[in-house]
Amino acid sequence: MLKKKFAGVAVAVLAAFLILPAATAANAANYVPTTSTTGDVVIAGETGVAAFAANAFDPGTSVSFSVDGPGLAVLSTFKAATATLTKTATGTGAVSVNVAAPANAPGDYAVTAKGVRGGVEIYGVATVSAVAADSAAGLALTGARADALAATGFNAPLLVIWGAVGVIALGVAMVAVLRLQRRSAASTAAAALVTA
């Protein structure tokens, strides 16, 4: 009996780990949808654009930007260099900012925009990726040597990986519960034969 309770609790805990990420994502109402954000891929040392599409923010409102990445990136509008910047959203609620990635620090630069939509403070994140000029991606951008080394590895979202691990663990737990139930049923049947 104790094994059944333990197995039931284990299945419930595993199910909670699978449901919790979905519930957390549903609470992201104060964020600009990722489908409304775009970011350029540039060679390190060049300038890319982080853009937030129409209806990302209320039209004509102030949107403040900040950038975070492996090096000191520069946010710019009219070639002015600052660490943070404030711009006004267009009449459609769209806004964009230029990001100058440093030449010596390739990597992803997360541009965070904070503004208002529907009277509520809202955040958006667009990523500008800076690649080294001598990398495979940098060579593809510049149209240089076609025989460069290809990028290797597997890029899967962390949520997908943890979801797959959770599904496998849930399956293992369910098999264990079924085996315990079969053993319990067999023990009960054997006990009934012995007493008969």
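Residues numbered from 1 in each chain as written. Predicted model: local features only at pLDDT ≥ 70, side-chain atom pairs only at ≥ 80, totals over all residues. Heavy atoms only, no water.

**So, the environment of Ala105**
Tracing the sequence through the fold places Ala105 in the loop between β7 (95-100) and β8 (107-117). Judged by its relative accessible area of 10%, Ala105 is buried. For Ala105, the contacting residues outside a window of four places in its chain are Pro70 and Gly71. (Helix = DSSP H or I, 4+ residues; strand = E, 2+ residues; numbered from the N terminus. Buried < 20%, exposed > 50% of the residue type's maximum accessible area, 1.4 Å probe, protein only. Contact = heavy atoms within 4.5 Å.)

**A few points about the confidence of the model for the protein chain**
Per-residue confidence for the protein chain gives a mean pLDDT of 77, with 66% of residues at or over 70. Mean pLDDT across the elements of the protein chain ranges from a minimum in helix α1 (residues 2-26), with 57, to a maximum in strand β3 (residues 47-52), with 91. Considering only residues more than four positions removed or in separate chains, one finds that residues 144-148, a stretch of pLDDT under 50, has three contacts. (pLDDT = per-residue confidence, 0-100.)

**Quick word on the packing of aromatic side chains**
For the structure on display, the rule yields three aromatic pairs. Ring geometry for Tyr31 versus Tyr123: centroids 6.0 Å apart, planes at 40 degrees, classification tilted. Of the two residues, Tyr31 sits in the loop between α1 and β1 (37-39) while Tyr123 sits in strand β9 (residues 120-131), which places them 92 residues apart along the sequence. Assessed through its relative accessible area of 29%, Tyr123 is described here as partly exposed. Ring plane angle 65 degrees and centroid distance 6.0 Å describe the contact between Phe52 and Phe57, whose orientation is recorded as edge-to-face. Accessibility classification places Phe52 together with Phe57 in one group, the buried group. (Phe/Tyr/Trp six-rings, centres within 6.5 Å; stacked < 30°, edge-to-face > 60°.)

**Here's the deal with the nonpolar core**
By size, the foremost hydrophobic cluster in this structure holds 25 residues, and its most contacted members are Phe52, Phe57, Phe65, Leu75 and Val111. Counting residues per element, the ones that place at least two in this core are β3, β4 (62-68), β7, β8 and β9. Ignoring sequence-local partners within four residues, the contact set of Phe52 consists of Val32, Ser36, Thr37, Phe57, Phe65, Ala94, Val95, Val111, Ala113, Gly124, Val125 and Ala126. (Core = buried A, V, L, I, M, F, W, Y, C linked by side-chain atoms within 4.5 Å.)

**Regarding unusual backbone geometry**
Backbone phi values are negative for most residues with the exception of glycine, while trans is the configuration of most peptide bonds. One non-glycine residue, Asn55, adopts positive backbone phi at about 70 degrees. By the element assignment, Asn55 lies in the loop between β3 and β4.

**Notes on the sheet that holds strand β2 (residues 41-43)**
The five strands are arranged β2-β9-β8-β4-β6 in an open sheet whose pairing can be described as mixed. Looking at strand neighbours, the two that pair on one side only are β2 and β6 (84-88), the edges of this open sheet. Each adjacent strand pair in this sheet contributes to an overall mean axis angle of 30 degrees, direction not counted. Pairing of β4 with β8, which is carried by five bridges, proceeds in the antiparallel orientation. By the bridge assignment, Val67 is partnered in β8 with Val111. (Pairing = 2+ DSSP bridges. Axes fitted to C-alpha atoms, helices over the stretch in contact; angles between N-to-C directions.)

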